[in-house]
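The residues making up each chain are set out below.
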Amino acid sequence: MKLVVVKNDQEMSQTAARFIMEQVKRHPHSVLGLATGGTVVGTYAQLIDLCKLEKQSFQHVRTVNLDEYVGLSSENLNSYHYFMRDHLFDHIDIPVENYHLPNGLAKIPANECERYEQLIESLGGIDLQLLGIGRNGHIGFNEPGTSFLSRTHVVRLTESTRQANARYFPSLEEVPTEAITMGIATIMNSKKILLLVSGKHKANILQQLFYGPLDERIPASILKTHPHVTIIADEEAVSLLDRNDLEVNMT
Ligand code: GLP
């Protein structure tokens, strides 16, 4: 894992947007794996600005998102579909048929998971997967205890994740209890992974990721075994890492 330490959330977003931009410039037909959550909001805003500034087209880019809540339509303000349109897709020239998320309203969610796996395969796999991390180490919605071999599946969200995400909903009761998420093996199949971590509240999990064991109780720990992972983390997030680990990696 390559660690890039930046000053703050804003610098993390700029660095991440540049990283994604370089991927698209080099490979305009890239398949990007995208994420939702507070961490990536700034990255998408910077990416939109870069696209305008550098007149970069996303006409040929295809995207697949990590996850979606079960029970929410793409028009629901709290769905990840809506989040992605609002924060990125509506502001760049990606054609609507080129972006994909699991369908939260699928009649048979298990079939939807199968369809999503096949879709990713038919696109030729993910070239670059963007990831955030939950405080309990979840990636996508793969909660602690999820098999490292898992493929796209339906998950029951833990109370801590529902509470963490409740800030986007009118009340905790309205946070869905289930989601469809790419599995850990699906994520690990990506050619490159970009993990973004910012803030004091993520310092603990980043410390566990660095010094803890490879353990299904910490889903993100599997990333240590991937050959091409870049972590962009801000100073608050790296505050519990050993100084020696930081110095060699400082940008
Ligand atoms: C959600 C998403 C994850 C995301 C995580 C962290 O549960 N499903 O993909 O990484 O939360 O969110 P945040 O960036 O808001 O801390």
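Residues numbered from 1 in each chain as written. Predicted model: local features only at pLDDT ≥ 70, side-chain atom pairs only at ≥ 80, totals over all residues. Heavy atoms only, no water.

(A) Main features of the side chain of Thr63. Among the secondary structure elements, Thr63 is positioned in strand β3 (residues 62-65). Note on Thr63: relative accessible area 1%, which makes it buried. Excluding residues within four positions of it along the chain, Thr63 makes contact with Leu32, Leu34, Phe89, Ile94, Asn98, Tyr99 and His100. (Helix = DSSP H or I, 4+ residues; strand = E, 2+ residues; numbered from the N terminus. Buried < 20%, exposed > 50% of the residue type's maximum accessible area, 1.4 Å probe, protein only. Contact = heavy atoms within 4.5 Å.)

(B) The arrangement of helix α1 (residues 9-26) in detail. Compared with the 26 Å implied by 1.5 Å per residue over 18 residues, the 26 Å span of α1 between its first and last C-alpha is a close match. Of all the positions in α1, only Met12, Ser13, Ala16, Ala17, Ile20, Met21, Gln23 and Val24 are classed as buried. All buried residues of α1 lie within an arc of 165 degrees about the axis, which places them on one face of the element. Lining the buried residues of α1 we find β1 (2-6), β2 (31-34), α2 (38-54), β6 (128-131), β9 (192-197) and β10 (229-234). (Expected span 1.5 Å × (residues − 1). Arc of directions from axis to C-beta.)

(C) Focus on the pattern of salt bridges. Tallied over the entire structure, the rule returns 10 salt bridges. For Arg85, the salt bridge goes to Glu75, with nearest N and O atoms at 3.5 Å. A residue pair is termed long-range when its members are at least 10 positions apart, and Arg85 in helix α3 (residues 80-87) and Glu75 in the loop between β4 (67-69) and α3 qualify at 10 residues. Taking relative accessible area as the criterion, Arg85 reaches 14% and is therefore assigned buried. A salt bridge links Arg217 to Asp215, with the nearest nitrogen and oxygen atoms 2.8 Å apart. Given a relative accessible area of 61%, Arg217 falls into the exposed group. Taking relative accessible area as the criterion, Asp215 reaches 16% and is therefore assigned buried. Each of the salt bridges in this network shares a partner with another, and the network as a whole consists of Arg18, Glu22, Lys25 and Glu54. (Salt bridge = Lys/Arg side-chain N within 4 Å of Asp/Glu carboxyl O.)

(D) Quick peek at the site of the ligand. Neighbouring residues of the ligand: 15 residues in total, closest Gly38, Thr39, Asp67, Arg167 and Lys202. In this structure, Ile133 approaches the ligand through a main-chain N or O atom, which is 3.4 Å from an oxygen atom. Arg167 is positioned with one of its side-chain polar atoms (N or O) 2.8 Å from an oxygen atom of the ligand. Residue composition of the shell around the ligand, by class: four nonpolar, eight polar and three charged. (Near = heavy atom within 4 Å. Polar contact = N/O pair within 3.5 Å; in protein donor to acceptor, adjacent residues only side chain to side chain. Nonpolar A, V, L, I, M, F, W, Y, C, P; charged D, E, K, R; others polar.)

(E) Just the sheet that holds β9, in detail. Taken in spatial order, the seven strands make up an open sheet running β1-β10-β9-β6-β2-β3-β5, and their pairing is parallel. Across the chains shown, the open sheet's two edge strands, defined by having one partner strand only, are β1 and β5 (99-100). Pairing geometry for β6 and β9, over four bridges, is parallel. The residue of β9 that forms the bridge with Leu130 is Leu194. Helix-sheet contacts for helix α4 (residues 109-122) involve β3 and β5, and the interaxial angle to β3 is about 150 degrees. (Pairing = 2+ DSSP bridges. Axes fitted to C-alpha atoms, helices over the stretch in contact; angles between N-to-C directions.)

(F) Focus on the pairing of β1. The buried fraction of β1 amounts to four of the five residues, a majority that puts the element mostly inside the structure. Of the pairings in the sheet, the one linking β1 to β10 comprises five bridges and is parallel in character. From the neighbouring strand, Lys2 faces β10, where its bridge partner is Thr230.

(G) Structural view of the sheet that holds strand β7 (residues 153-156). Ordered by their spatial adjacency, three strands build an open sheet running β4-β8-β7, and the pairing between neighbours is antiparallel. Both edges of this open sheet fall to β4 and β7, since each of them pairs with a single strand only. For this sheet the average axis-to-axis angle between neighbouring strands, irrespective of direction, equals 25 degrees. Where β7 lies against strand β8 (residues 178-181), four bridges are found, and the strand directions are antiparallel. Along β8, the bridge assignment pairs His153 with Thr181.

(H) Here's a closer look at the side chain of Lys202. Inspection of the secondary structure assignment puts Lys202 in the loop between β9 and α7 (203-211). At 8.6 Å, Asp9 is the nearest oppositely charged side chain to Lys202, a buried residue that forms no salt bridge. Those residues in contact with Lys202 that sit more than four places away from it in its chain are Thr39, Ile133, Arg135, Val197 and Ala237. (Lys, Arg positive; Asp, Glu negative; His and termini not counted.)

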